[in-house]
Amino acid sequence: MDIKRFYNEIVTDHNLHPLHKHPLEDPDIELEGVNPSCGDEITVQLKVKDGVITDGSFIGDGCAVSQASADIMIDMVIGKKVEQARHLADIFIRMIKCEATREEIEELREAGALEDISHNPARVKCAVLGWHTLDEMTKGM
Amino acid sequence: MNKEEKKDLITNYRKLFPLLSDDIAYLDNAATTQKPGVVLDALKHYYEQDNANPFRGVYDLSERATELYEAARGKVAGFINAKYPEEIVFVRNATEALNLLAYSWCEDNLSESDEVVVSVMEHHSDFLPWKYMAEKKGARLVKLEPDQTGLISDDALERTLSDKTRIVALTHISNVLGRKNDIKHIAGKVHAAGALISVDGAQSVPHTAVDVRDLDCDFLSFSGHKMFAPMGIGVLYGKREHLEKMKPFLYGGEMIQTVHWDKVTYAEIPHRFEAGTVNVGGAVGLSAAIDFINGIGWETIEAQEEKLTKRAILGIKDIGNIRLIGSDRPEDHKGIVTFCVEDVHPHDVADILGKAGVCIRAGHHCAQPLMDHLGVRSTCRASFAFYNTEEEVDRFLTELSKVRGLMGY
Ligand SMILES: Cc1ncc(COP(=O)(O)O)c(C=O)c1O
């Protein structure tokens, strides 16, 4: 695959200039996600009020794919209901497994830029790390 | 031989490896090496002509399998200059060798208040078994620390050894730093302190002549697959006097003398440590790999690997914005070059190079305590075999020089 399509502008941009990579003050929920194969470690932090994600961030260390994916994710879920965020996580994880429909991927907007990663088994775990963590931490909410 | 002739020589050797081609530059030899045709042929020949369960049959075929297996043992003994063939125990890999040793040896030789010294640069395979056994026995695990270049000073050694030290576990060549430890010198000091030394030879035996009697190490572990042999065969060498006193590691067939409901006696070494049906094919493959190495000669192998290492390190310095891990001097890196590209995660670097057909490794290289010690989370590693070429190193450098740009720097 063309390396520039893989490390496209969206990915490199979010990696270089993440909007949401910082600690959150008084998060309501937080969870650490680890990808042992490449040592990615991120902690997702969220503020939730009346079932709505009012603020979010992530901290940690990892490859461009995991960092960009987490940044895009946080950007998308702020202001959304928890159940909507979980719905997006579900689509994203299925997209990476090549199980999501075109319409669903459209719902993902910017996060759809990571679709090509599904052809890279070694990088799949990096791409879904943030989304998996979000899914875990909001279970039962 | 002039330069051109040497180059032709390597090109010709390359042709002996079916997997090698110009499509990819395979620079992950510290993880595993490719296999030459002679090794694959030996395997095939064994399974086509000589395969039977060794030691169990009295018929010809089984005896042939037994003979081949024992001949391989003799070949390995000669290769590392062991005094007796029974000092060679066949196992699956270095990891199994180190587990066998730690479990069996510590079981009877370690007690509360004893100390086990392990260097901080050990592969997890040479750290976790000792850690587990030390904890189990209530002994203390003592950290031996090299400096940032991987050098173990006499000072550091003397500070770590005590009259409580029972055994020291140390790698011959670090799989991250690439630096060769002066085992002979260190073994002298360890023995003077009344302890034994176990050497992890996973990265040394494939790349340089190792003479266990000259080094005077008590144990040596290595894997066949890192030295052109098949996966699934490895070696634990131990001085006879030590092995003879050790209890079995795995129990089952082939490792006994007599078994009755109330009384069991175990086989002599090395069979005591080789429970179950053994890997004759693997041993035959390893034997062929040793012949192959001997046929090429250490001089050629080491000269080529040195040349490639130097070229890679100088090239990396030229590119800039790359941190070399370990010593600054090429001669301190035995075929292993570990580095971090500033601002770019090693996984991204390896992925970018991988997509351009250059195979390198990224991650913690199963040496997380060393990563902590060096203050890095993970790194990239290029590692050479004698069949790699200067063109491959240049291809690696060219792709490496593009990485920061591709990532927007
Ligand atoms: C220094 C060192 N020790 C031990 C090992 C473990 O080898 P294996 O995985 O073949 O058991 C390796 C290789 O990964 C190594 O580089």
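Whatever comes next refers back to the structure up there.
Definitions and cut-offs
Residues numbered from 1 in each chain as written. Chains lettered and ligands numbered in written order. Predicted model: local features only at pLDDT ≥ 70, side-chain atom pairs only at ≥ 80, totals over all residues. Heavy atoms only, no water. Phe/Tyr/Trp six-rings, centres within 6.5 Å; stacked < 30°, edge-to-face > 60°. Helix = DSSP H or I, 4+ residues; strand = E, 2+ residues; numbered from the N terminus. Buried < 20%, exposed > 50% of the residue type's maximum accessible area, 1.4 Å probe, protein only. Lys NZ or Arg CZ within 6 Å of the ring centre and 35° of its normal. Near = heavy atom within 4 Å. Polar contact = N/O pair within 3.5 Å; in protein donor to acceptor, adjacent residues only side chain to side chain. Areas by Shrake-Rupley, 256 points an atom, 1.4 Å probe, with all protein chains shown as cover. Nonpolar A, V, L, I, M, F, W, Y, C, P; charged D, E, K, R; others polar. Expected span 1.5 Å × (residues − 1). Contact = heavy atoms within 4.5 Å. Buried area = accessible area lost by both parts, 1.4 Å probe. Salt bridge = Lys/Arg side-chain N within 4 Å of Asp/Glu carboxyl O.

A. Looking closely at the packing of aromatic side chains. In this structure the tally under the stated criterion is 20 aromatic pairs over all chains. Centroid distance Phe228 of chain B to Tyr387 of chain B: 6.1 Å. Interplanar angle 55°. Geometry classified as tilted. In this pair, Phe228 of chain B sits in the loop between strand 7 (219–223) and strand 8 (234–238) while Tyr387 of chain B sits in the loop between strand 15 (379–383) and helix 14 (390–406), placing the two residues 159 residues apart along the sequence. An identical accessibility class is assigned to Phe228 of chain B and Tyr387 of chain B; each is buried. Through pairs of rings, three or more aromatic residues link up here, namely Tyr13, Phe17, Phe228, Phe292, Phe386 and Tyr387 of chain B. The ring of Phe6 of chain A has Lys355 of chain B lying over it, and the distance from NZ or CZ to the ring centre is 3.7 Å.

B. Looking closely at the site of the ligand. Residues and elements named next belong to chain B. Around the ligand there are 13 residues in total, and Thr95, Asp200, Ser223, His225 and Lys226 lie nearest to it. Ala94 places a main-chain nitrogen or oxygen 3.4 Å from an oxygen atom of the ligand. One of the side-chain N or O atoms of Thr95 is found 2.5 Å from an oxygen atom in the ligand. Within the complex, 87% of the 390 Å² of free accessible area of the ligand lies under protein. Classifying every residue of the shell around the ligand gives 2 nonpolar, 9 polar and 2 charged.

C. Seen up close, helix 3 (residues 64–77) of chain A. Relative to the 20 Å expected for 14 residues at 1.5 Å per residue, helix 3 of chain A spans 20 Å between its end C-alpha atoms, a close match to the ideal helical length. Just downstream of helix 3 of chain A lies Gly79 of chain A, where phi reads positive at about 90°.

D. Seen up close, the interface of chain B and chain A. Facing 13 residues of chain B, the contacting portion of chain A comprises 22 residues. The largest contributions to the chain B side of the interface with chain A come from His347, Lys355 and Arg377 of chain B, which together make up 37% of the buried area. At the junction of chain B and chain A, the tally comes to 4 salt bridges. A salt bridge links Asp348 of chain B to Arg123 of chain A; its shortest N-O distance comes to 2.7 Å.

E. Layout of helix 10 (residues 280–296) of chain B. Residue and element names in this part refer to chain B. When the terminal C-alpha atoms of helix 10 are compared, their 24 Å separation across 17 residues agrees well with the 24 Å that a helix rising 1.5 Å per residue should span. Where burial is concerned, most of helix 10 is hidden: 14 out of the 17 residues are buried. In the stretch just after helix 10, Gly297 is the one whose phi turns positive, near 95°.

Everything listed here is a matter of coordinates, which is why it stays silent on function.
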